[in-house]
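Chain residues, written in single-letter form:
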Amino acid sequence: MQVSPVPTLDPETNQIREATANIVNRYIIPNEDRLGDYRNPETQRLRHEIQEHVKAAGLWAPHLPKDGTAGWGSGCMKHAYMNEILAWSPYSNPLFGVVAPDSGNQTILLKYGTEEQKKKWLEPLIRGEIRSCFSMTEPDAPGSDPYAIQTRAVRDGDEWVINGRKWFTTGADGAAFAIVMCRTEEPDGAGGQKEKMTQIIVPTDTPGFRIVRKIKVWGIESNHCEVEYAERPGAGDEPARPDGERPPGGAGPAGRGARVPLHEQTVGQMWRAFDLMVRRSMDREVREREAGDEAVHPGVHRGFVHRHRARRG
Ligand SMILES: Cc1cc2nc3c(=O)[nH]c(=O)nc-3n(C[C@H](O)[C@H](O)[C@H](O)COP(=O)(O)OP(=O)(O)OC[C@H]3O[C@@H](n4cnc5c(N)ncnc54)[C@H](O)[C@@H]3O)c2cc1C
C-alpha cells in the first residue's frame, strides 16, 4: 500500500495515516497467512508483538479518550481516515485495539457506566481480557430503525426482567457480557415511540441468556448469533444508561459518529481490492497481451481517477 498525503487533510491526519500504513505494510500484510490462526501460540506471540509496535507508535485505541484509558482520543474524523488504512487488512483492527462490538461497548460504558460497572466490565475489556457483544437487531423489527425494537425490560424489585429475541449479535459465543437494547415502556405510553428505551448489561452466564443458533453467513456458520433473552429474573440487572435517554447506538450523534469511521473502512477495503486488481492486470499472462491491456487498463485508470475526484469534491 502506498499512502501519500491528501492535500485537503490537515498535517496531523496525514501523519497518522502514514504511521498507520507503516505498521500495516510492515507487520500485518506480510503476516496475513499466519494471523488468522488464533489458537496457535506462535500467532499469539506475533499478535502481541504487533500490538506493542502499535502502542509504541501511539496509535492504540483511537476511539478512547486519553484520560484514564489506554487510548489517544483521535476524534471522529482522524479515526475515520485511520480506518481507511486499517481496512487494507482484515486483521488490523484488533491489533490496533479498536474492534467492534467491543469498541462501541467501551464507548457506552465510558459515558454511562457507574464506577462499579467500569471496574467490572470496562477495564478488563480494554485490557483485552474479556470480549463483549451488542444485541440490538431483532428478527421481527427492521434493524435500520432502532425505535422499532420490541424487546421488553420491566422492573421486578431490584432486577430487570428482559423478554425478547435478537439476531446478528456478533461475537455472542465467548462474550462475557452483552449490552442489550430494550424498550422499558409501551410506545403508546408516556414518551411515545422514541423514549423509554434503555441499554442493559447482561452477563452471558446468567440463565436468561441463551444462544439459539449461530447464523450462517454465505453458507458458513458465523459467530453472529440469534440470542433469546428469556422472561426470568436475573436476565439483566445493570442499566448501562439512564432510562429515557436516547440510545447512542441508534440515531443520535454518537451513532452517527460511530458510522463515519465504519464507512471509511469500506473505502479502505475497496482500495485493497483495487490494488489487487491492478496487480492482477499487470501480472496476468494472456496470449493477446496487448489487446488485453488495451481493454483492461483504461477501465482501471478511469476507476482510479473517479475515486480521487470523489475525495477532492
Ligand atoms: C455481519 C453482520 C453483523 C452484525 N452485527 C450486529 C451486532 O453485533 N449487533 C446488532 O444488534 N446487529 C448486528 N447486525 C445487524 C445490523 O445492524 C442490521 O442488519 C442493520 O441494522 C439493518 O437491519 P436489518 O437487517 O433488519 O434490515 P432492514 O432494516 O429490514 O433493511 C432491509 C433493507 O431495506 C433498506 N432500508 C431500510 N430502511 C430504509 C429506508 N428508510 N429507506 C430506504 N431503504 C431502506 C435497507 O437498506 C436494506 O436493504 C449485523 C449484521 C450483519 C450483516
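Residues numbered from 1 in each chain as written. Predicted model: local features only at pLDDT ≥ 70, side-chain atom pairs only at ≥ 80, totals over all residues.

A closer look at the overall build of the chain
Moving on, step 1. Within the chain, the regular secondary structure consists of 9 helices and 8 strands.
Moving on, step 2. Expressed as a percentage of the 313 residues in the chain, the buried residues total 31%.
Moving on, step 3. In the chain, the proportion of contacts linking residues at least 24 apart, taken out of those at least 6 apart, comes to 65%. (Helix = DSSP H or I, 4+ residues; strand = E, 2+ residues; numbered from the N terminus. Buried ≥ 20, exposed ≤ 12 C-beta atoms within 10 Å, placed from the backbone. Contact = placed C-beta atoms within 7 Å.)

Let's talk about the environment of Q15
Moving on, step 1. You can see Q15 is positioned in helix α1 (residues 11–28).
Moving on, step 2. C-alpha of Q15 to C-alpha of S4: the two residues are 11 residues apart in sequence and 9.7 Å apart in space.

Re the pairing of strand β3 (residues 159–170)
Moving on, step 1. Summarising the sheet, strand β2 (residues 152–156) and β3 pair through 5 bridges and their orientation is antiparallel. Residue pairing in the sheet places D156 in a bridge with E159 of β3.
Moving on, step 2. Adjacent in sequence and paired antiparallel, β2 and β3 are bridged by 2 residues, among which G157 carries a positive phi angle near 65 degrees.
Moving on, step 3. Sheet topology note: the β3/strand β7 (residues 220–229) ladder contains 5 bridges and is antiparallel. Across the sheet, T169 pairs through a bridge with C225, a residue of β7. (Pairing = 2+ DSSP bridges.)

Digging into unusual backbone geometry
Moving on, step 1. Of note, the amide linkage connecting A100 to P101 takes the cis form, showing an omega dihedral of 0 degrees.
Moving on, step 2. Relative to the helices and strands, P101 resides in the loop between α5 (92–95) and α6 (102–112).
Moving on, step 3. Of note in this structure, A61 is not a glycine but carries a positive phi near 50 degrees.
Moving on, step 4. Mapped onto the secondary structure, A61 falls in the loop between α3 (41–56) and α4 (76–86).
Moving on, step 5. Within the chain, W218 stands out as a residue other than glycine whose phi angle is a positive 50 degrees.

Some points on the packing of α1 against α3
Moving on, step 1. Interaxial distance between α1 and α3 falls to 11 Å at its minimum, and their mutual angle equals 160 degrees. When the axes of α1 and α3 are compared, the pair comes out roughly antiparallel. Regarding α1 and α3, the two cross each other, and that crossing is right-handed. Across the interface between the two elements, I23, Y27 and I28 of α1 pack against I50, H53 and V54 of α3.
Moving on, step 2. Of the residues that constitute the contact of α1 with α3, the class distribution is 5 nonpolar, 1 polar and no charged. (Axes fitted to C-alpha atoms, helices over the stretch in contact; angles between N-to-C directions. Parallel < 35°, antiparallel > 145°, perpendicular 65-115°, else oblique. Left-handed = near helix turned anticlockwise from the far one by under 90°. Nonpolar A, V, L, I, M, F, W, Y, C, P; charged D, E, K, R; others polar.)

A few points about the site of the ligand
Moving on, step 1. In the vicinity of the ligand, the contacting residues are P101, F134, S135, M136, T137, P142, G143, S144, F168, T169, T170 and H224.
Moving on, step 2. Of all the secondary structure elements, the ones that give two or more residues to the shell around the ligand are β1 (132–135) and β3.
Moving on, step 3. A total of 3 residues in the shell around the ligand trace back to one element, the largest contributor, which is β3.
Moving on, step 4. Considering only residue class, the shell around the ligand consists of 5 nonpolar, 7 polar and no charged. (Near = placed C-beta within 6 Å.)

Things to note about the nonpolar core
Moving on, step 1. Counting residues in each nonpolar core, the largest one holds 30 residues, and the members touching the most others are I162, A178, V180, C182, I200 and V202.
Moving on, step 2. Counting residues per element, this core draws most heavily on strand β4 (residues 177–183), which supplies 6 residues.
Moving on, step 3. In terms of nonpolar packing, the next biggest core, distinct from the first, is built from 23 residues, I50, L59, L64 and A87 among them. (Core = buried A, V, L, I, M, F, W, Y, C linked by C-beta atoms within 7 Å.)

A look at α1
Moving on, step 1. Here α1 is 18 residues long and its end C-alpha atoms lie 25 Å apart, about the 26 Å a rise of 1.5 Å per residue gives.
Moving on, step 2. Every buried residue belonging to α1 is among T13, I16, R17, T20, A21, I23, V24, Y27 and I28, and all of these are buried. (Expected span 1.5 Å × (residues − 1).)

Regarding the packing of α1 against α4
Moving on, step 1. In contact at an axis separation of 9 Å, α1 and α4 are set at 25 degrees when each is read in the N-to-C sense. By the angle class used here, α1 and α4 are roughly parallel. Judged by the sense of rotation from one axis to the other, the crossing of α1 with α4 is right-handed. Every residue of α4 that contacts α1 at T13, I16, R17, T20, A21 and V24 is listed here: K78, Y81, M82, I85 and L86.

Description of the environment of C76
Moving on, step 1. Mapping C76 onto the fold places it in helix α4.
Moving on, step 2. It is 6.9 Å that separates the C-alpha atoms of C76 and P261, two residues lying 185 residues apart in sequence.

Examining the confidence of the model for the chain
Moving on, step 1. Mean pLDDT over the chain works out to 83, with 84% of the residues at or above the 70 mark.
Moving on, step 2. Summarising per-element confidence for the chain, the mean pLDDT is lowest in strand β8 (residues 238–239) (56) and highest in α1 (96).
Moving on, step 3. Of the regions scoring below 50 in pLDDT, residues 246–254 engages in 18 contacts with residues more than four places distant in sequence or in other chains. (pLDDT = per-residue confidence, 0-100.)

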